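# Structural overview for review
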Amino acid sequence: MIELFPEGFEELEACDGLELAAYTDARGEERLWQVFGGARVDEVEAGWEERWRRFHRPVRVGPVWIGPPWESSPADAIAVVVDPGAAFGTGAHPTTRLSIELLATLGPGSLLDVGCGSGVVAIAGAKLGFAPVAAIDVEPQAVSETERNARANGVEIGARRLDALVSDLPEADVTVANVTKASVEALGDRVRSARLVTSGYLASDEPALPGWEHLERRELDGWAADLSRRAVRHSTRSRHTAT
């Protein structure tokens, strides 16, 4: 479906699985039949081009408001405006919200966003007072989207393409990694920060992070995010005097 309709399609829950719906014309219908061997065709009402906007609603994460450009933010909120036109996160997913929620509890300092996607976490960090803010992702399009969204929000983000599992990570006071459980565990020894915010996994998952002390966990809709700090190694010495 992504190859047939790169401009997008809907995912709809059905009683027997997941239904994928594309808004198209006769040529698109023909492509569906050729690839899948069948499809159900429903006529749509006028104005269907704007229907997708109804699925992108703003969310509030503590002092931070995240929403699309056609919505207005509250006067008392720190606004992060994200255009959902690209195939990356819009900030509404629980793991993104939980990451920002934990980030907001930490004092300002330098910040690294690993797996930045559309740059929501990095932009929220910049607006919360973190500086400098760096964002990395293995996908070139994610870097471009982060730069575009940073400009739209009037913040400065140092975004670049980098494979966090292979290349050396930049130093930062706080690193946020909203990725996967396996990637979080692989990043543990590579992070060069005193604080680490991790997410991207289910509440039933508990990533193993040797060398890190777990401080706090938050959960939302079956997902989890954790805050850890680098464990301090203590050493003891004794002196023996011979008489």
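Structure: see above.
Here's a quick rundown of the structure. A quick note: this is a predicted structure, and the numbers were derived from the prediction, not measured. (Residues numbered from 1 in each chain as written. Predicted model: local features only at pLDDT ≥ 70, side-chain atom pairs only at ≥ 80, totals over all residues. Heavy atoms only, no water.)

### Overview of the overall build of the protein chain
Counting its regular elements, the protein chain contains five helices and twelve strands. Burial status across the protein chain gives 38% buried among its 243 residues. Here the contacts in the protein chain between residues at least 6 apart in sequence split such that 45% fall between residues at least 24 apart. Approximately 14,300 Å² of the protein chain is accessible, and the part contributed by carbon and sulfur atoms is 49%. (Helix = DSSP H or I, 4+ residues; strand = E, 2+ residues; numbered from the N terminus. Buried < 20%, exposed > 50% of the residue type's maximum accessible area, 1.4 Å probe, protein only. Contact = heavy atoms within 4.5 Å. Areas by Shrake-Rupley, 256 points an atom, 1.4 Å probe, with all protein chains shown as cover.)

### Quick word on the sheet that holds strand β7 (residues 133-137)
Read across the sheet, seven strands follow the order β8-β7-β6-β9-β10-β12-β11 without closing on themselves; strand pairing throughout is mixed. Whereas interior strands pair on both sides, the edge strands pair on one side only; in this sheet they are β8 (158-161) and β11 (212-220). Adjacent strand axes in the sheet meet at a mean angle of 15 degrees, parallel and antiparallel pairs treated alike. Across the sheet, helix α3 (residues 120-127) is in contact with β6 (111-114), β7 and β9 (174-178); its angle to β6 comes to roughly 165 degrees. (Pairing = 2+ DSSP bridges. Axes fitted to C-alpha atoms, helices over the stretch in contact; angles between N-to-C directions.)

### Regarding the pattern of salt bridges
Considering all chains together, one arrives at 13 salt bridges under this definition. Linked through salt bridges whose partners overlap, the residues forming this network are E19, R40 and D42. (Salt bridge = Lys/Arg side-chain N within 4 Å of Asp/Glu carboxyl O.)

### A word on the sheet that holds strand β5 (residues 78-81)
Spatially, β3-β4-β5 is the arrangement adopted by the three strands of the open sheet, whose pairing is mixed. A strand with exactly one partner marks an edge of an open sheet, and here the two such strands are β3 (59-61) and β5. Here the average twist between neighbouring strands, direction ignored, is 25 degrees. Relative to strand β4 (residues 64-67), β3 is paired through three bridges, and the arrangement is antiparallel. Bridge pairing links V61 to V64 in β4. Lying on the sheet, α3 is in contact with β4 and β5; it crosses β5 at an angle near 155 degrees.

### Quick notes on helix α2 (residues 94-103)
Residues spaced three or four apart along an α-helix face the same direction, because each turn holds 3.6 residues. With eight of ten residues buried, α2 is to be regarded as a mostly interior element. Where α2 is concerned, the buried positions are P94, T95, T96, L98, S99, I100, L102 and L103.

### Focus: the nonpolar core
One finds I66, V80, I100, I157 and V174 to be the most contacted residues of the largest nonpolar core, which totals 32 residues. Within the residue set of this core, elements represented by two or more residues are β3, β4, α2, α3, β7, α4 (140-152), β9 and β12 (223-230). A per-element tally of this core places α3 first, with six residues. Ignoring sequence-local partners within four residues, the contact set of I100 consists of V61, V64, I66, V120, V121 and A124. Counting residues in each nonpolar core, the second largest holds 16 residues, with L112, V184, L196 and L209 among its members. (Core = buried A, V, L, I, M, F, W, Y, C linked by side-chain atoms within 4.5 Å.)

### A look at the packing of α2 against α3
One way to put it is that α2 packs onto α3 with a least axis distance of 10 Å and a crossing angle of 25 degrees. Classified by the interaxial angle, the pair formed by α2 and α3 is roughly parallel. The interaxial crossing formed by α2 with α3 has right-handed handedness. On α3, the residues that touch T96, S99, I100 and L103 of α2 are V120, V121, A124 and G125. Partitioned by chemical class, the residues of the contact of α2 with α3 number five nonpolar, three polar and no charged. (Parallel < 35°, antiparallel > 145°, perpendicular 65-115°, else oblique. Left-handed = near helix turned anticlockwise from the far one by under 90°. Nonpolar A, V, L, I, M, F, W, Y, C, P; charged D, E, K, R; others polar.)

### Section: helix α1 (residues 26-36)
Of the residues that open α1, the one with a side-chain oxygen 3.2 Å from the backbone nitrogen of R27 is D25. Looking one or two residues beyond α1, the residue adopting positive phi is G37, at roughly 75 degrees. (Polar contact = N/O pair within 3.5 Å; in protein donor to acceptor, adjacent residues only side chain to side chain.)

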